[in-house]
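# Descriptive structure summary
Residue strings, one per chain:
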Amino acid sequence: MPDDEQTAAARWSVRSELRAVGRDKPLLAVLGAILCLYCAFIAGPVVYAVLAINGIADFFK
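## A look at the overall build of the chain
Each helix and strand counted, the chain has three helices and zero strands in total. Ordered by position in the sequence, the α and β elements of the chain form the string α-α-α.

Dropping the structure here:
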């Protein structure tokens with residue numbers, strides 16, 4: 001194994017990955033909020049309209 005690959009493997013650890021996730025918490029929160037808004041205001045009504053066209057939407061009332 002070349003020296004570059006050995007040092008890269010040595011630097012990776014579960015702890016370093018968890019620290020990276022910890023640093024990205026604001027980004028993950030924003031992405032989660034965007035996903036929730038997308039589902040609530042875009043995907044949900046589109047799916048409901050498709051179901052209404054097919055006559056299945058009565059199940060959700």
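## With respect to the packing of helix 2 (residues 14-23) against helix 3 (residues 25-54)
For the pair helix 2 and helix 3, interaxial distance at closest approach is 4 Å and the crossing angle is 60 degrees. As far as their axial angle goes, helix 3 and helix 2 are oblique. Within the contact between the two elements, helix 2 uses Val21, Gly22 and Arg23 and helix 3 uses Lys25, Pro26 and Leu28. By residue class, the composition of the contact of helix 2 with helix 3 is three nonpolar, one polar and two charged.

## Structural notes on the state of the cysteines
Applying the stated rule across the entire model yields zero disulfides. Left unpaired, Cys36 is separated from the closest cysteine sulfur, that of Cys39, by 6.8 Å. Of the residues examined, Cys39 reaches a relative accessible area of 39% and is grouped as partly exposed.

## With respect to a nonpolar patch on the surface
Together, Leu35, Leu37, Tyr38, Phe41, Ile42, Val46 and Val50 make up an exposed nonpolar region whose accessible area comes to about 710 Å². Along the chain, Ile42 falls in helix 3.

## Digging into helix 3
Over its 30 residues, helix 3 extends 41 Å from the first C-alpha to the last, a length consistent with the 44 Å expected when each residue adds 1.5 Å. Remark: the principal bend of helix 3, roughly 45 degrees, maps to Cys39. Just downstream of helix 3 lies Gly55, where phi reads positive at about 80 degrees.

Reading the values: rules and limits
Residues numbered from 1 in each chain as written. Predicted model: local features only at pLDDT ≥ 70, side-chain atom pairs only at ≥ 80, totals over all residues. Heavy atoms only, no water. Helix = DSSP H or I, 4+ residues; strand = E, 2+ residues; numbered from the N terminus. Axes fitted to C-alpha atoms, helices over the stretch in contact; angles between N-to-C directions. Parallel < 35°, antiparallel > 145°, perpendicular 65-115°, else oblique. Contact = heavy atoms within 4.5 Å. Nonpolar A, V, L, I, M, F, W, Y, C, P; charged D, E, K, R; others polar. Disulfide = S-S within 2.5 Å. Buried < 20%, exposed > 50% of the residue type's maximum accessible area, 1.4 Å probe, protein only. Patch = residues over 30% accessible without salt bridge, like charges linked within 9 Å, V, L, I, M, F, W, Y side chains within 5 Å. Areas by Shrake-Rupley, 256 points an atom, 1.4 Å probe, with all protein chains shown as cover. Salt bridge = Lys/Arg side-chain N within 4 Å of Asp/Glu carboxyl O. Expected span 1.5 Å × (residues − 1). Bend = angle between axes of the 7 residues up to and from the residue.

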